[in-house]
Amino acid sequence: MNIYNKFAYLYDDLMVDFDYENWFNYIENIFEKYNKNPKKVLEMACGTGNLSYYLGKKGYKLTCFDLSEDMLSKAYEKLRRFKNVKLLNQDMVNFNFNENFDAVISICDSINYIIDEEDLINTFKNVWHHLEEGGIFIFDINSYYKLKYIIGHNTFVEDRGNIFYTWENYFDEDTDICDFYLTFFVSEDGENFLRFNEEHREKAYKTEEIVHMLKEAGFSKIDYYSAFTFDRPDEKTERINFVAIK
Ligand SMILES: C[S@@+](CC[C@H](N)C(=O)[O-])C[C@H]1O[C@@H](n2cnc3c(N)ncnc32)[C@H](O)[C@@H]1O
């Protein structure tokens, strides 16, 4: 599937409303709440390195990876100054490092991109194998409610001057997969626009399905929150943050 290729170069422009510093603070609050003081951190699906930047700046010994070379090339621009950061091209489903980590993190619904349940269980098992005993795994998902009722069957149109895009979505009730059809028009001079398309797919997982898969992968203590808080999610929570301890 053609994802995060040309879009990679627009990603940061379109994510300006996301406060990654606040996201980083939330991750550190989780470390504190769970009495963890990680030194070695693995970030999966780091994208253009927006969270990685704060982790690197704070001095964590960080390994981060993504499937998209284009996203990684944008991440490299932000991260090359940090001697404590390694950037790699790997797949969440079958990554392999000859080392263990104190914490594994993946943010911004990257986990929803794993649409096959067996693949997701294998990812969780793989995370478990790469964690030290007592290590912490933190990730968020777009909730089932958000993918089905907010994003699914809706079209969004946004005009940001030199970037104009449409985002058409279809939710399949049988598979719980949401297909995103993105069409971008991008201009350098404000007059001539280049068009390109991407098709993304996210799978809607119910909270209890994720908990079940984490248990199957070997995690013992599992919690979940409405993202950026320590509150229980309700039926309309749009982003759910999981914490699992090895
Ligand atoms: C919504 S973006 C989030 C990026 C980044 N975590 C952030 O917060 O901005 C999803 C990312 O997941 C990556 N991705 C999707 N499937 C992947 C996989 N199987 N392995 C590694 N990365 C993957 C994409 O390339 C993309 O960078």
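For the structure itself, look to the data block above.
Residues numbered from 1 in each chain as written. Predicted model: local features only at pLDDT ≥ 70, side-chain atom pairs only at ≥ 80, totals over all residues. Heavy atoms only, no water.

Asker: Help me understand the pairing of strand S11 (residues 239–245), please; the structure alone is not making it clear to me.
Answerer: Judged by how many residues are buried, S11 sits mostly within the fold: seven of seven residues are covered. Every second residue of S11 is oriented toward a common face, with Arg239, Asn241, Val243 and Ile245 on one face and Ile240, Phe242 and Ala244 on the other, all of them buried. Relative to S11, strand S5 (residues 131–142) runs antiparallel, the two being bridged by seven bridges. Looking at the pairing, Ile138 lines up with Val243 of S11. Two strands pair when backbone bridges link them, and strand S10 (residues 221–226) and S11 are joined in this way by six bridges, in the antiparallel orientation. When the sheet's bridge partners are listed, Tyr225 is paired in S11 with Asn241. (Buried < 20%, exposed > 50% of the residue type's maximum accessible area, 1.4 Å probe, protein only. Helix = DSSP H or I, 4+ residues; strand = E, 2+ residues; numbered from the N terminus. Pairing = 2+ DSSP bridges.)

Asker: Is there a simple way to explain the site of the ligand in this structure?
Answerer: If you check the shell around the ligand, you find 17 residues, and the closest are Tyr11, Tyr20, Ala45, Asp66 and Met92. For the ligand, an oxygen atom lies 2.8 Å from a polar atom in the side chain of Tyr11. In this structure, Ala45 approaches the ligand through a main-chain N or O atom, which is 2.7 Å from a nitrogen atom. Protein burial of the ligand: of its 590 Å² of free accessible surface, 96% is covered by the chains. (Near = heavy atom within 4 Å. Polar contact = N/O pair within 3.5 Å; in protein donor to acceptor, adjacent residues only side chain to side chain. Areas by Shrake-Rupley, 256 points an atom, 1.4 Å probe, with all protein chains shown as cover.)

Asker: What exactly am I supposed to notice about the side chain of Asp109 here?
Answerer: Assignment of secondary structure puts Asp109 in the loop between strand S4 (101–106) and helix H5 (117–130). A residue is classified by how much of its surface remains accessible, and Asp109, at 9% relative accessible area, is buried. Only 3.1 Å separates the side chain of Asp109 from the side chain of Arg239, close enough to count as a polar contact. Not counting the four nearest positions on each side in its chain, Asp109 is found in contact with Asp140, Ile141, Asn142, Glu202 and Arg239. (Contact = heavy atoms within 4.5 Å.)

Asker: I'm lost on the environment of Glu216 in this one. Help?
Answerer: Considering the arrangement of structural elements, one finds Glu216 in helix H7 (residues 207–217). On the accessibility criterion, Glu216 (44% relative accessible area) is partly exposed. As for Glu216 and Asn122, which are separated by 94 residues in sequence, their C-alpha atoms are 9.8 Å apart.

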